[in-house]
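Each chain, written out:
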Amino acid sequence: MIQVEGLTRRFDLPGGGEVLAVDAVSFRVGTGEVYGLLGPNGAGKTTTLRMLLGLLQPTAGWATVAGFRSDQQPDEVKRRVGLVSATAGLYPHLSVREMLLFFADLYGCDAGQAGAELDKLAELLGLDELLRRRGTTLSMGQKQRVNLARALIHRPPVLLLDEPTLGLDIFGSQVVAEFITHLREEGKAVILTTHRLDEAERLCDRFGLLHRGRLVSEGTLAQLRAETGCEGLVDMFFKLARTGPALRRATRPRDEAATDGLAE
Amino acid sequence: MSDQPAGGSKARHLLQRSPRDLLQRMGRLVRKEVSTILRDRRTIITLVLMPLLLYPLLTIAFRQFLLASSLKEMKEPAYRIGFRSEWEARFFDGRMERGKRALAELKKWNARQGPASGRAREATAGNGRAEKPLPDHQALFPRTGEPPSDLRQLLQEKQIDLAVHLTEQDTARAERGPDRWFVCEILYLEDSPRSRDANEYVERCLAAANERTLWGRPKPQPAPRQPLAVLVSPVSQEVAQPGPKETIPLSLLVPLILILMTITGAVYPAIDLTAGERERGTLEILVAAPIPRLGLLFAKYVSVVTVAVLTAVVNLATMTVTLLVFDMGRLVFPEGLRPLAIVQVFFLLLLFAAFFSAVLLAVTSFARSFKEAQAYLIPLILVSLTPGMLSLMPGLKLDGPLCVVPLLNIVLLARDLFAGEATAGAAVLVVLTTLVYAVAAIALAARLFGAEAVLYNEQASWSDLFRRPARGRRASTVSSALFCLALMFPASFVLIALIGGGRPPGEEMAWRVLANLVLFGGFPLFSVWLRRVDFRAGFRLERSGAMAWGAAILFGLSLWPLADVLKEVLRPLGLTSVSEKSLQEVEERIRQWREELPVWVVVLCMAVVPAVLEELFFRGYLFSALRAAGPPRTAIVTSAIFFGLFHLVGHVVVVERGVVSTLLGLLLGWLAWRTGSVVPGMILHAIHNSVLILLGLYKRDLLASGWLQESSRLPPSWILASVIGCTLAAAWAFRATRNYKDEG
């Protein structure tokens, strides 16, 4: 369903020079699979997702969703993808129902179909009581539930979840975790980026570990354990980051500083 | 779960739907944007509360000001009226007394008849001031022997309120008329409300006196006319205050307030729909939807314009109602508050809203947060206020370069519309200029809104906009080309003003060549360099083959009689705007050129250089940008319209030149498309220009030798030859380009 090959992105820096935010990243995600794209701040996770969605043009390489290249047919890709990010907000002066129907319309759903989907999602995510309320009156957890519904309203086969639990309490995180399980059962291809490695360990089928723009290791938890000899993702990550090629090259503090907040 | 997205069928999806569906979707997007904006209380404050408070407060303040300034005048209840002679004063007094008696009787009659007698009420009302007691007047006249013009001076010095002069007319030839008939010339001061009131009062009294003379007593219904006695016909004339005016005319302040309020209305939506969305995190999910980015910008633009226009409408309505309720129309505007002027000013505000909304979107698209957008807009609004304040300078006339100064031109045109003094030429120029600016601002906004740097790069800066891209491109972008055009348009006015008239012919030629080089060479060259556009492809300097050149030469030689015929066709339609006087001035100028300069210099500077450079820009730079973004017909038509626009406006609007140039632009665009090169167009254009210049230079010789006739019409043989020549040239061009390959 998702294929990424040699995806690379450089950014020009103010005052000259450039920074390599994503460096020849390749991976695949199949239907019904949850792929954890993990890495610290500035690793290139969000930039990779943006290129995958056709929001950013890659400097080199390519990505496809359901066979459509994101750099050549971004609208075909966008139609098949639902995006949830930690920074996504709500319209303060629209009710939850108005906003969800508005996005359904943007994605080309007809009104009847959108209404049915809305009812289904409201039941799934417990939004019934929130549908009449405006965005400004919702708590953080409620907002994130609305965002999950917004990403699914057009029934996309692919979900990109960019730090979906950031800032959520334990109950909010649990809703997201159950939601991801539901997506897997529905046969969606999911890419999840997160800093919470324990959560990733619990939810993801396969992992890609990004460090300074490079995919330093990829595989199932068992494969990663065999490769690194470590039990948990935290230990694996520290080990891979110390021995990985990106770290050995990383003697450019300026690039690192510039990448922070640029790619993420 | 299938991989197919919602609905299953591809036919249901946005991009595969018909343009009508897409438009409907865009309409819903606009509706959502507008509804979110209108639900915000900040919009309601700007849209409704501010106008509701502002205009009544301004009116009250103005009335207080008027009251204070006319306090001195009010101490003199009697109107002071100046005459040339004592006889005139006595005679006038008699008529006024008769008129006052008539009005008093009519008032009594009205009171008996009740409120229904409309006409009679009108006769006594006089702008609603009938209930006040009729004022008195005091006759003044200069010392014997002083020239009559002193009356005007006394009026301007405000020593009198009116100057009156009676002239007896000859009634001998009238079969049925008065025994004696006087024309009463009344001079009043246009800026003095008291003087205007005095004029109205005198006119009313004289009219009542005339009615009493004609019908015995004033009656509400017309009675058969009887030849009788004396009539005095008032003829009023405004006198301007000499020297600089001490106060800012309100007729100027009102359009400025309207425009500032329109700006205020557009500011909040522009920030909220761009920087606000970014800050809230809704912009990213919006661009992640399968809607073209330009479509999103368009929806936001329409929303901002809608709110701005709503603000303009509410302001215009509140202002109109306030002026009507307080009966201030005639105090503010010399011609009173005319419905037509209100409609015209509304369309002007609409145009301004279209322009300024695009400017606001361009600026706010770059901001990452609400605060940052506000920080950008404060200097923008201060800069915008400068031309607005300049427009308050008394005596500023809307012509020449002032027609192209943004905002100033709109304020001055609105002032002229309210005053009923707007000229069609200036209005066309202001509208066209503002449209060009609006298009350029939209193009810039599109470039900014779609820029990755603006959407995702937190470290983006304004300098990113002007940084040369790492990778080159074959053609410029449409937004760059339109932005270039918008800079060139006012620059052309500055250059025309610099060249001016009255320079020696040699100097004039040098200036003209320099102006063309800067305008049609410098601007696109800088743009091509800045955006790293391939020089040869960006200017379409490709080889076209000698066959195409032949067709271009034949076209160039054959076209001019058809252009002449077209001008003749436009003349009866009223679409010609060049006066005989202007034509004579041009002929005189050409005569000077011939006397003082070699012919080849004139042809080179006035025909060849402009032709080559104009082609380089319109069919080279602009055409390649348009062609890279759309079909050939769009590139041909759009480049031709801009070509015509540049020839339409200069010192004055020359309609026929605009029409002929647009049609020539269509031909040149077609040739540029078929040949894939700008060169044949350059040849055609240069030869066409040269023929016209040579005809002008040798006009007298051609007339003398009988090749041309004195009448403005060309002989049919010339026109026939032209048609045959153009037909052959077209066939030749088709044949020469039969193997053309569309580069798009």
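See the structure printed just above.
Residues numbered from 1 in each chain as written. Chains lettered and ligands numbered in written order. Predicted model: local features only at pLDDT ≥ 70, side-chain atom pairs only at ≥ 80, totals over all residues. Heavy atoms only, no water.

Draft legend 1. Quick look at the overall build of chain B. A count of helices and strands for chain B gives 27 helices and 5 strands. Counting all 744 residues of chain B, 49% fall into the buried class. In chain B, the proportion of contacts linking residues at least 24 apart, taken out of those at least 6 apart, comes to 78%. (Helix = DSSP H or I, 4+ residues; strand = E, 2+ residues; numbered from the N terminus. Buried < 20%, exposed > 50% of the residue type's maximum accessible area, 1.4 Å probe, protein only. Contact = heavy atoms within 4.5 Å.)

Draft legend 2. Up close: the packing of aromatic side chains. Using the criterion set out here, one finds 27 aromatic pairs over all chains in the structure. Clustering of aromatic rings is evident, with ring pairs tying together Phe520, Phe535, Phe539, Phe617, Phe618, Tyr621, Phe643 and Phe646 of chain B. Lying across the ring of Phe103 of chain A, Arg150 of chain A places its NZ or CZ 5.6 Å from the centre. The ring of Phe643 of chain B carries the charged tip of Arg619 of chain B above its face, separated from the ring centre by 4.3 Å. (Phe/Tyr/Trp six-rings, centres within 6.5 Å; stacked < 30°, edge-to-face > 60°. Lys NZ or Arg CZ within 6 Å of the ring centre and 35° of its normal.)

Draft legend 3. Examining a nonpolar patch on the surface more closely. A contiguous nonpolar surface patch, about 460 Å² in accessible area, is contributed by Ile44, Ile45, Val48, Leu49, Met50 and Leu52 of chain B. Structurally, Ile44 of chain B can be placed in helix H2 (residues 41–69). (Patch = residues over 30% accessible without salt bridge, like charges linked within 9 Å, V, L, I, M, F, W, Y side chains within 5 Å. Areas by Shrake-Rupley, 256 points an atom, 1.4 Å probe, with all protein chains shown as cover. Salt bridge = Lys/Arg side-chain N within 4 Å of Asp/Glu carboxyl O.)

Draft legend 4. A look at a negative patch on the surface. On the surface, Asp119, Glu123, Asp128 and Glu129 of chain A cluster together into a patch of negative charge. Mapping Asp119 of chain A onto the fold places it in helix H4 (residues 111–125). (Lys, Arg positive; Asp, Glu negative; His and termini not counted. Charge placed at Lys NZ, Arg CZ, Asp CG, Glu CD.)

Draft legend 5. Looking closely at the nonpolar core. Counting residues in each nonpolar core, the largest one holds 247 residues, and the members touching the most others are Phe103, Ile191 and Leu233 of chain A together with Phe418 of chain B. Broken down by element, this core gets its largest block of residues, 17 residues, from helix H12 (residues 339–364) of chain B. Leave out the neighbours within four places in its chain, and Ile191 of chain A touches Ile2, Phe27, Val29, Tyr35, Leu37, Leu49, Leu52, Leu159, Leu160 and Leu161 of chain A. In terms of nonpolar packing, the next biggest core, distinct from the first, is built from 22 residues, Val164, Leu166, Cys184 and Ala198 of chain B among them. (Core = buried A, V, L, I, M, F, W, Y, C linked by side-chain atoms within 4.5 Å.)

Draft legend 6. Up close: unusual backbone geometry. All names here are of chain B. Even without a glycine there, the phi angle at Arg532 is positive, about 55°. Looking at where Arg532 falls in the secondary structure, it is placed in the loop between helix H18 (505–530) and helix H19 (535–538). On the basis of relative accessibility, which here comes to 32%, the residue Arg532 falls in the partly exposed class. With a phi close to 55°, Arg540 is a non-glycine residue in the positive phi region.

Draft legend 7. Representation of helix H20 (residues 546–570) of chain B. Compared with an ideal rise of 1.5 Å per residue, which puts 25 residues at 36 Å, H20 of chain B spans 36 Å between its outermost C-alpha atoms and is within 8% of the ideal. Bending of H20 of chain B peaks at approximately 40° at the position of Leu559 of chain B, with proline Pro561 of chain B no more than four residues after it. (Expected span 1.5 Å × (residues − 1). Bend = angle between axes of the 7 residues up to and from the residue.)

Draft legend 8. Local environment of the sheet that holds strand S2 (residues 18–29) of chain A. Residues and elements named next belong to chain A. Reading across the sheet, the 4 strands line up as S2-S1-S4-S5 and stay open at both edges, with antiparallel pairing between neighbours. In this open sheet, the two strands that pair with only one neighbour each are S2 and strand S5 (68–69). The pairing of strand S4 (residues 60–65) with S5 spans 2 bridges and is antiparallel. Across the sheet, Val65 pairs through a bridge with Phe68, a residue of S5. Strands strand S1 (2–12), S2 and S4 of the sheet are contacted by helix H1 (residues 45–53), whose axis makes an angle of about 115° with S1. (Pairing = 2+ DSSP bridges. Axes fitted to C-alpha atoms, helices over the stretch in contact; angles between N-to-C directions.)

Draft legend 9. Structural view of the environment of Val22 of chain A. Residue and element names in this part refer to chain A. Here Val22 lies in strand S2. The spatial distance from the C-alpha of Val22 to the C-alpha of Pro58 is 9.0 Å, given a sequence separation of 36 residues. In contact with Val22, other than residues within four places in its own chain, are Leu7, Thr8, Arg9, Gly44, Thr47, Thr48, Met51 and Gly213.

Draft legend 10. Spatial organisation of the sheet that holds strand S3 (residues 34–38) of chain A. Residue and element names in this part refer to chain A. Spatially, 6 strands are ordered S6-S7-S8-S3-S9-S10 in an open sheet, and the strand pairing comes out mixed. Pairing within the sheet leaves two strands with one partner each, and these edge strands are strand S6 (81–85) and strand S10 (214–219). Each strand axis lies, on average, 15° off the axis of its neighbour in the sheet, ignoring direction. As paired elements, strand S9 (residues 206–211) and S10 share 5 bridges and run antiparallel to each other. The partner of Phe207 across the bridge, within S10, is Gly219. In the packing of helix H5 (residues 140–152) onto the sheet, contacts are made with S6 and strand S7 (158–162), and the angle to S6 comes to roughly 165°. This element, helix H8 (residues 221–228), spans S9 and S10 of the sheet and lies at about 110° to S10.

Draft legend 11. Up close: the pairing of strand S3 (residues 162–169) of chain B. Residue and element names in this part refer to chain B. Sheet analysis places strand S1 (residues 79–82) next to S3, joined by 2 bridges and oriented parallel. Paired with Gly82 across the two strands is Ala163, which belongs to S3. The pairing of S3 with strand S4 (residues 180–189) spans 8 bridges and is antiparallel. The partner of His165 across the bridge, within S4, is Glu185.

Draft legend 12. Molecular detail of the environment of Ala446 of chain B. Residues and elements named next belong to chain B. In this fold, Ala446 is placed in helix H15 (residues 424–450). C-alpha separation for the pair Ala446 and Gly295, spaced 151 residues apart in sequence, amounts to 9.8 Å. Sequence-distant contacts of Ala446, that is, excluding residues within four places in its chain, are made with Leu294 and Leu297.

Draft legend 13. Seen up close, helix H6 (residues 170–186) of chain A. Residue and element names in this part refer to chain A. The end-to-end C-alpha distance of H6 is 24 Å, a good match for the 24 Å that 17 residues give at a rise of 1.5 Å each. All buried positions along H6 are accounted for by Gly172, Ser173, Val176, Ala177, Phe179, Ile180 and Leu183. The buried residues of H6 occupy one face: seen down the axis, they fall within an arc of 160°. Every exposed residue of H6 that faces more than 90 degrees away from the buried side is listed here: Ile170, Phe171 and Glu185. Gly187 sits one or two positions beyond H6 and adopts a positive phi of about 85°. (Arc of directions from axis to C-beta.)

Draft legend 14. Inspection of the pattern of salt bridges at higher detail. Applying the stated rule across the entire model yields 26 salt bridges over all chains. Across the pair Asp205 of chain A and Arg184 of chain A runs a salt bridge whose closest N-O atoms are separated by 3.2 Å. You can see Asp205 of chain A sitting in the loop between helix H7 (197–203) and S9 and its partner Arg184 of chain A sitting in helix H6, a full 21 residues away along the chain. Taking relative accessible area as the criterion, Asp205 of chain A reaches 28% and is therefore assigned partly exposed. Looking at Arg184 of chain A, the relative accessible area reads 26%, which means it is partly exposed. In this structure, Glu33 of chain B engages Lys32 of chain B in a salt bridge whose closest nitrogen and oxygen atoms are separated by 3.0 Å. In this structure Glu33 of chain B comes out as buried when scored by relative accessible area, which is 0%. Residues participating in the shared-partner salt-bridge network are Lys32, Glu33, Glu277 and Lys300 of chain B.

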